[in-house]
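Structure at a glance
Okay, here's what each chain looks like letter by letter:
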Amino acid sequence: MTVPLTAERANARTADAVVRIRGLHKSFGPTEVLRGVDFQVRRGEVVCVVGPSGSGKSTLLRCANLLETPSAGRVVVRGVDITDPEADIDRVRRGIGMVFQQFNLFPHLNVLENLTIAQRRVLRRSSGEAAAVARENLAKVGLSGKEDSYPAQLSGGQQQRVAIARALSMGPGLMLFDEPTSALDPELVGDVLTVMRTLADEGMTMMVVTHEMAFAREVADRVVFLDEGRILEQGRPEHVLAEPVHPRTRAFLSRII
Ligand code: ADP
Ligand code: MG
């Protein structure tokens, strides 16, 4: 039986939104990169953002933690309107983990130090507490025993898993991934995707820009297709990926799959 969506349930759903984006526009000079994006991610949801190069995927992700300032529109993260000049952006950002294509580890710090530095400096955890959290997360990404290694001594896949463990060590309520496997040799992609799948299974709220369609199909609750700064299509992966309605989605998928 279908239960009608009462106002109360509709409100509960909105309250459940970890990210709520309304009317988002972003221009760089004369170039309008995002042209009116409405979008939300609910608690525990995994949303994969797909689309052609230059369509604005990274910009969308970067607007979600205010690495980019929107030109117009509202971005509400975990109940805080981060486009409000009064908002405590740093506090909101602390609750968001971000993983980039380039791993951005500190090259002069070993793995344990990479995982503990922000915990100590930003969260004011003691060295012992930070190290314990770091070890727990290293185990989660399958890298126990690599505490003393330096980034250059690790493979790209291992470095990316360290970057994920570092983000997790801050206890985020939302993880943003921007093409986390695009810089990796093909044989190293699987281990990183496995870690991401585990996080999804554990209920982590995730926004993932990716070209890994098999991952999107299996793990995403929703796939969003972005094209020229607009969402053309979104829905369950089995719909968007298998039976895309929009001709541009079809053209994109036929090129990539
Ligand atoms: P995608 O991640 O989908 O490939 P991006 O969000 O990186 O797309 O970029 C969308 C468009 O915005 C591109 O044309 C890119 O050149 C432009 N762009 C992105 N960041 C900047 C910037 N800081 N300054 C100027 N143009 C930018
Ligand atoms: Mg990008």
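Residues numbered from 1 in each chain as written. Chains lettered and ligands numbered in written order. Predicted model: local features only at pLDDT ≥ 70, side-chain atom pairs only at ≥ 80, totals over all residues. Heavy atoms only, no water.

1. Concerning the overall build of the protein chain
Assigned secondary structure in the protein chain consists of 10 helices and 10 strands. Since a compact globule built from 257 residues should have a radius of gyration of about 18 Å, the 19 Å found for the protein chain is in line with a globular shape. Here the protein chain, with 257 residues, has 51% of them falling under the buried criterion. Once local pairs closer than 6 in sequence are excluded, the contacts in the protein chain between residues at least 24 apart make up 64%. Of the roughly 12400 Å² that the protein chain leaves accessible, carbon and sulfur atoms contribute 48%. (Helix = DSSP H or I, 4+ residues; strand = E, 2+ residues; numbered from the N terminus. Rg over C-alpha atoms; globule rule 2.2 N^0.38 Å. Buried < 20%, exposed > 50% of the residue type's maximum accessible area, 1.4 Å probe, protein only. Contact = heavy atoms within 4.5 Å. Areas by Shrake-Rupley, 256 points an atom, 1.4 Å probe, with all protein chains shown as cover.)

2. Looking at the site of ligand 1
Around ligand 1, the neighbouring residues are Phe-28, Val-33, Pro-52, Ser-53, Gly-54, Ser-55, Gly-56, Lys-57, Ser-58 and Thr-59. Ser-55 is positioned with one of its backbone polar atoms (N or O) 3.2 Å from an oxygen atom of ligand 1. Within the side chain of Ser-58, a nitrogen or oxygen atom sits 2.9 Å from an oxygen atom of ligand 1. Here ligand 1 has 570 Å² of accessible area as a free molecule, and 57% of this is covered by the chains. Of all the elements, helix H2 (residues 57-64) adds the most residues to the shell around ligand 1, at 3 residues. Tallied by class, residues from the shell around ligand 1 come to 3 nonpolar, 6 polar and 1 charged. (Near = heavy atom within 4 Å. Polar contact = N/O pair within 3.5 Å; in protein donor to acceptor, adjacent residues only side chain to side chain. Nonpolar A, V, L, I, M, F, W, Y, C, P; charged D, E, K, R; others polar.)

3. Considerations on the pairing of strand E10 (residues 230-235)
Relative to E10, strand E9 (residues 222-227) runs antiparallel, the two sharing 5 bridges. Across the sheet, Phe-225 pairs through a bridge with Glu-233, a residue of E10. Following E9, the chain reverses through 2 residues before pairing antiparallel with E10; Glu-228 in that reversal takes a positive phi of roughly 50°. (Pairing = 2+ DSSP bridges.)

4. So, the UniProt feature "domain: ABC transporter" (unreviewed entry) in the protein chain
Per the UniProt entry, the sites bearing "domain: ABC transporter" (unreviewed entry) are residues 19-253 in this numbering. Each end of residues 19-253 is marked by a C-alpha atom, and these two atoms are 26 Å apart; helix forms 37% of the span and strand 26%. (UniProt positions renumbered as here; feature names shortened; annotations may be inferred.)

5. Quick look at the pattern of salt bridges
As enumerated under the stated definition, the model contains 13 salt bridges in all. Among the salt bridges present, the one from Asp-227 reaches Arg-248, with a minimum N-O distance of 2.5 Å. Residue Asp-227 is found in strand E9, and its partner Arg-248 is found in helix H10 (residues 247-256); the two are separated by 21 residues along the sequence. Salt bridges sharing partners connect three or more residues here, namely Arg-35, Asp-227, Glu-228 and Arg-248. (Salt bridge = Lys/Arg side-chain N within 4 Å of Asp/Glu carboxyl O.)

6. Some details on the sheet that holds strand E3 (residues 46-50)
The strand order across the open sheet built from 6 strands is E6-E7-E8-E3-E9-E10, with neighbouring strands paired in mixed fashion. A strand with exactly one partner marks an edge of an open sheet, and here the two such strands are strand E6 (96-99) and E10. The mean inter-strand angle of the sheet, taken between neighbouring strand axes irrespective of direction, is 15°. Each of E6 and strand E7 (174-178) touches helix H6 (residues 156-168); the most contacted strand, E6, lies at about 170° to it. (Axes fitted to C-alpha atoms, helices over the stretch in contact; angles between N-to-C directions.)

7. Re the side chain of Arg-161
As for its placement among the helices and strands, Arg-161 is situated in helix H6. Here the side chain of Arg-161 touches Val-141 through a polar contact of 2.9 Å, landing on its backbone oxygen. In this view, Arg-161 contacts Val-141, Gly-142, Leu-143, Asp-191, Val-192 and Val-195; residues no more than four positions away in its chain are not counted.

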